[in-house]
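Fold and geometry: a report
Residue-level listing of the chains:
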Amino acid sequence: MPSMLLFHTCAPCSFLQCCNDCIRDTITNKSARELLNIKCTMPNFCAAPNCTRKSTQSDLAFFRFPRDPERCRLWVENCRRADLEEKTPDQLNKHYRLCAKHFEPAMICKTSPYRTVLRDTAIPTIFDLTSHLSNPHSRHRKRIKVLTDEEVQKIKERRLESSIEQLLSKKDCDAQDDSENADDIPQLTPEQKDLREFLRSSFEVMVLIGRQNFPFSCNAREDEMHSEEERFLTTGNFQALIENRINAGDEFLQRRFETAAVNEEYCSAVQQRQLLEVCERCVREEILQQVRECRFFSIVTGELVEFPEGEHLPVFLRFVDQANTLREEFIEFLSFEGEEVAVAERLESQLTKGWGLCMEHCRGQAHVGSGILGTKMKVIAAQLKEKYPMAVITPTSTCALNVHLANGMPLTGVQDVMSVLKKTNAFFKGSPLLQSELDNAISILCQGNIEKESILKEGSRSTWTDLHNVFEMAVDLMEPLLLCMDSIHDNEDLKWNDQITSDAYAISEALADFEFIVTLVILKNALSFTRAFGKNLQGETIDVFFAANSLTAVLHSLYEVSDNLEVYHEFWFEEAISLATSMEIPVRVPRLFLRKQQVVETMEIQAESFFKEYLTQPVMEYITQEVKEIFSENHLKALKCLSLVPAVMGQMRFNTSEETHAEIYRSDLPHPDTLPAELHCWRIKWKHRGKEVSLPCTIHETLQHSDVKFFPNVNAFLKILATLPVLKLDGSHGQTAQRRLQAYFTDTAVNQRCKNLAVLNINYHIKTDLEEMVQCYLKTYPEECESD
């Protein structure tokens with residue numbers, strides 16, 4: 001009995017090649033044996049001489065001897081095994097196999113990734129008949145028949161005849177296919193051929209403009225234009241690039257426009273718009289086709305972006321492609337006009353009717369937004385989740401949980417803090433002189449504390465407003481920031497321009513306000529209970545797994561603070577007063593509140609009680625409720641199933657219980673009835689692995705492992721988990737779309753932005769098929785083709 005056994009490759013048991021321990025444990029489990037109907041079979045050995053391959057040690061296909069007597073005789077003859085000549089074709093078909101190494105590649109067909117077959121006329125011709133001669137003392141079970149010269153000549157003649165027949169048959173098939181294809185292709189007129197060639201050249205130029213982010217510049221004055229479309233797409237870079245191709249020797253374009261006037265447009269503004277729309281549609285369809293093939297996906301949206309037509313919402317889709325690579329691709333800019341319900345309906349309609357996706361396959365949604373946008377996106381997410389419960393709401397892997405929570409708080413003071421912090425960080429970014437000024441302020445205020453000075457300088461040089469400890473960093477930087485801003489505003493050395501001094505003054509006024517100070521301190525302390533939890537969510541897979549299991553402790557801490565709010569608020573308020581005193585900022589109730597309340601002069605409002613009622617209490621209530629909503633029961637069950645990753649199983653000493661949480665995706669699995677037994681085999685496989693085998697640490701690494709295909713339920717489960725937006729992106733397609741989106745808007749002025757070109761620019765890595773674009777254009781705009 002060999003050391004490895006195989007399961008049959010039937011549909012319910014296609015998780016193959018488990019170790020002996022796995023099979024032994026499974027067979028002793030009566031219920032699992034009855035469920036799987038396991039049958040152990042001997043491995044297939046190759047019958048060819050000097051070939052020692054067997055099916056358990058190779059991914060090669062093995063083929064039965066044919067039952068046809070004539071073909072079977074040729075197989076035996078080419079094998080040169082005398083012991084096989086005495087056996088009938090049925091016996092040979094039942095008990096003997098040849099591996100794929102003995103057939104010409106042209107004789108083997110791969111009908112699917114899991115099925116390999118031979119052509120009907122396939123004859124094995126590749127054999128090793130001499131290697132045994134170098135070791136005459138070796139034992140041979142498969143004795144090679146010695147042939148006479150006459151027998152060798154007959155074999156050569158038969159092989160030659162067979163080769164000629166196969167060649168003629170192939171030529172006949174090719175000729176027949178060519179004739180059928182020729183009949184299917186309609187005959188084109190010279191005008192139609194010219195139009196197709198022109199469209200192909202035009203699309204090539206459009207793709208170049210989009211990928212290189214060339215703007216469509218205007219030559220005419222705006223007051224002479226009749227519409228926004230004409231102002232945007234008048235003769236410019238497109239015309240210049242067409243002319244450049246003509247000057248570079250493009251013979252077709254030269255012939256097409258040789259009689260045209262010098263100032264004539266090669267392509268009208270309307271046609272340019274049509275070409276752009278087709279380019280965008282074809283690039284998007286290439287992505288959507290991959291999403292449809294993978295079935296499951298998640299929706300991710302970003303901050304609103306501004307175009308000449310108004311504000312739009314960038315939409316991304318996250319999915320695992322056929323190569324088991326996790327991807328997050330940009331799809332489109334969605335108009336954000338109207339109320340939240342209208343936007344939610346528009347998004348759903350675009351996903352289903354516009355893009356042909358099934359919302360029943362949406363497994364997650366994450367929306368980035370601050371202030372009013374964050375409030376609206378919460379309503380939109382809730383609308384989608386109510387209709388599609390499996391589309392769980394999660395934070396994004398690119399935004400710290402504490403930043404996400406603060407951005408969504410519907411409190412004016414909190415939103416002011418977030419806005420000022422972003423402006424402050426942007427003020428120093430990209431300016432070594434301004435950063436040096438801040439470093440000097442840090443050095444002055446941190447005298448004698450070298451460690452703190454080093455931490456603050458290093459932190460201030462990064463995008464610290466995106467960190468998990470952003471509020472701790474902001475509190476520590478408050479005094480240096482105010483000192484630095486005052487110094488820049490004073491401008492005693494006259495080294496700053498008016499714009500910089502004006503910005504510095506605005507920031508210093510915002511920082512030197514007690515409401516800002518107390519809000520920042522309250523956020524720092526209130527969000528300290530979720531800081532480590534949020535950091536783990538963006539850590540390694542093992543960190544995310546333990547974070548999911550620690551949520552109960554996080555909520556317990558939040559409840560404990562709420563129950564003893566008076567005590568906690570007292571400590572936090574004292575910290576705010578201490579910081580304000582060191583910065584010489586007076587403690588007071590916000591002026592706007594006093595004006596709105598129109599209080600009697602004799603009635604004095606205590607600042608501590610005011611901020612407790614209008615700040616600390618709402619902040620704690622919001623954080624607690626938001627954490628509960630984001631990490632819903634379904635979301636937590638999904639994250640706890642990360643124990644399917646082998647490294648997590650190893651950390652848990654292979655004592656995991658995914659079955660208790662797996663019900664959430666049970667209907668999504670290919671063979672849900674076999675899930676318990678398959679999970680058992682999956683644990684045993686990694687528990688009893690060889691010493692040289694390392695445990696995959698992420699979902700991406702696990703999906704790339706060759707054996708995962710033998711566990712279809714686990715494979716499907718991991719792909720669904722990977723689509724959850726809360727998990728960080730792995731692989732080469734990590735955050736490409738997010739980075740390209742930011743780069744496009746950084747490099748492109750608002751009046752030169754174009755949604756169609758932005759899609760081409762952001763999706764620069766998506767392949768483009770010019771012929772497909774031509775076909776799409778001809779089908780979409782037939783009237784333009786007729787008029788041409």
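In this text the structure is predicted, and so the values were computed from the model without any measurement.

Turning our attention to the packing of aromatic side chains. A full pass over the atoms with the stated rule returns 23 aromatic pairs. An angle of 85° between the planes, with centres 5.8 Å apart, marks the rings of F333 and F745 as edge-to-face. You can see F333 sitting in strand β8 (residues 326-335) and its partner F745 sitting in helix α31 (residues 736-747), a full 412 residues away along the chain. Like F745, F333 is buried. Among the aromatic residues, those joined into a cluster by ring pairs are F307, F316, F330, F333, Y744 and F745. Above the face of the W686 ring, K685 is positioned so that its terminal group lies 5.0 Å from the ring centre. A cation sits over an aromatic face here: R740 above Y764, 4.0 Å from the ring centre.

Turning to the pairing of strand β9 (residues 362-367), a few remarks are in order. With 6 of 6 residues buried, β9 lies mostly within the body of the structure. For β9 and strand β10 (residues 392-393), the ladder comprises 2 bridges, and the chain directions are parallel. Bridging across to β10, Q365 finds its partner in I393. As for the winding sense of the linkage, the β-α-β connection from β9 through helix α12 (residues 371-387) to β10 is right-handed.

Once their charged atoms are close, side chains differing in charge can pair, the charge on each being opposite to the other. This model, assessed by the stated rule, comprises 27 salt bridges. Across the salt bridge formed by D673 and R666, the nearest N and O atoms sit 3.7 Å from each other. Look at R666 and you get partly exposed, because its relative accessible area is 28%. Of the charged contacts in the structure, one is a salt bridge between D707 and K685, with a shortest N-O distance of 2.5 Å. You can see D707 sitting in the loop between α29 (699-704) and α30 (712-722) and its partner K685 sitting in helix α28 (residues 675-687), a full 22 residues away along the chain. For D707, a relative accessible area of 18% corresponds to the buried category.

With that settled, consider empty space enclosed by the protein. In total, this model carries 2 cavities of 30 Å³ or more according to the counting rule given. Taken together, P395, T396, C399, L401, G534, L537, Q538 and V726 make up the full set of residues lining the second largest cavity. Tallied by class, residues from the lining of the second largest cavity come to 5 nonpolar, 3 polar and no charged.

So, about the packing of helix α23 (residues 565-582) against helix α25 (residues 607-630). Relative to each other, α23 and α25 sit at 115°, their axes nearing to 10 Å. The orientation of α23 with respect to α25, classified from their angle, is roughly perpendicular. The hand of the α23/α25 crossing is right-handed. Residues L565, E566, H569, E570, W572 and F573 of α23 form the contact with α25, whose own contacting residues are A607, E608, F611, K612, T616, Q617 and M620. Class assignment for the residues of the contact of α23 with α25 results in 6 nonpolar, 3 polar and 4 charged.

Within the element layout of this structure, S131 appears in the loop between β4 (115-118) and α5 (149-184). With a relative accessible area of 34%, S131 lands in the partly exposed category. Along the chain, S131 and C51 lie 80 residues apart, while their C-alpha atoms are 10.0 Å from each other.

With that settled, consider the pairing of strand β5 (residues 297-301). Counted residue by residue, β5 has 5 buried out of 5 residues, so it is predominantly covered. Neither face of β5 is left uncovered, since the one carrying F297, I299 and T301 and the one carrying S298 and V300 both have all their residues buried. Looking at chain direction, β5 and β9 are connected through 5 bridges and run parallel. Looking across to β9, one finds that F297 is bridged to C362. One ladder, built from 4 bridges, connects β5 with strand β7 (residues 310-320); its direction is antiparallel. Within β7, the position partnered with S298 by the bridge is R318.

Looking now at α30. Counted residue by residue, α30 has 10 buried out of 11 residues, so it is predominantly covered. Against β7, β8, β9, α26 (633-640), α28 and α29 lie the buried residues of α30.

What follows covers a nonpolar patch on the surface. Taken together, I444, L445 and L483 make up a surface patch of nonpolar side chains, about 250 Å² in accessible area. Position of I444 among the secondary structure elements: in helix α15 (residues 432-445).

Glancing now at the environment of T624. Along the chain, the position of T624 falls in helix α25. Taking the relative accessible area as the measure of exposure, T624 reaches 7% and is therefore buried. A C-alpha to C-alpha distance of 9.9 Å links T624 and T530, two positions 94 residues apart in sequence. Those residues in contact with T624 that sit more than four places away from it in its chain are L555, L558, Y559 and S562. Side-chain polar atoms of T624 contact the backbone oxygen of M620, separated by 2.9 Å.

What counts, and where the lines are drawn
Residues numbered from 1 in each chain as written. Predicted model: local features only at pLDDT ≥ 70, side-chain atom pairs only at ≥ 80, totals over all residues. Heavy atoms only, no water. Phe/Tyr/Trp six-rings, centres within 6.5 Å; stacked < 30°, edge-to-face > 60°. Helix = DSSP H or I, 4+ residues; strand = E, 2+ residues; numbered from the N terminus. Buried < 20%, exposed > 50% of the residue type's maximum accessible area, 1.4 Å probe, protein only. Lys NZ or Arg CZ within 6 Å of the ring centre and 35° of its normal. Pairing = 2+ DSSP bridges. Right-handed = clockwise from strand over helix to strand, strands pointing away. Salt bridge = Lys/Arg side-chain N within 4 Å of Asp/Glu carboxyl O. 1 Å grid on protein atoms, 1.4 Å probe; cavity = no way out; pocket = protein on both sides within 12 Å on 5 of 7 lines; lining within 4 Å. Points joined across faces, edges and corners; volume = space filled by probe spheres on them. Nonpolar A, V, L, I, M, F, W, Y, C, P; charged D, E, K, R; others polar. Axes fitted to C-alpha atoms, helices over the stretch in contact; angles between N-to-C directions. Parallel < 35°, antiparallel > 145°, perpendicular 65-115°, else oblique. Left-handed = near helix turned anticlockwise from the far one by under 90°. Contact = heavy atoms within 4.5 Å. Patch = residues over 30% accessible without salt bridge, like charges linked within 9 Å, V, L, I, M, F, W, Y side chains within 5 Å. Areas by Shrake-Rupley, 256 points an atom, 1.4 Å probe, with all protein chains shown as cover. Polar contact = N/O pair within 3.5 Å; in protein donor to acceptor, adjacent residues only side chain to side chain.

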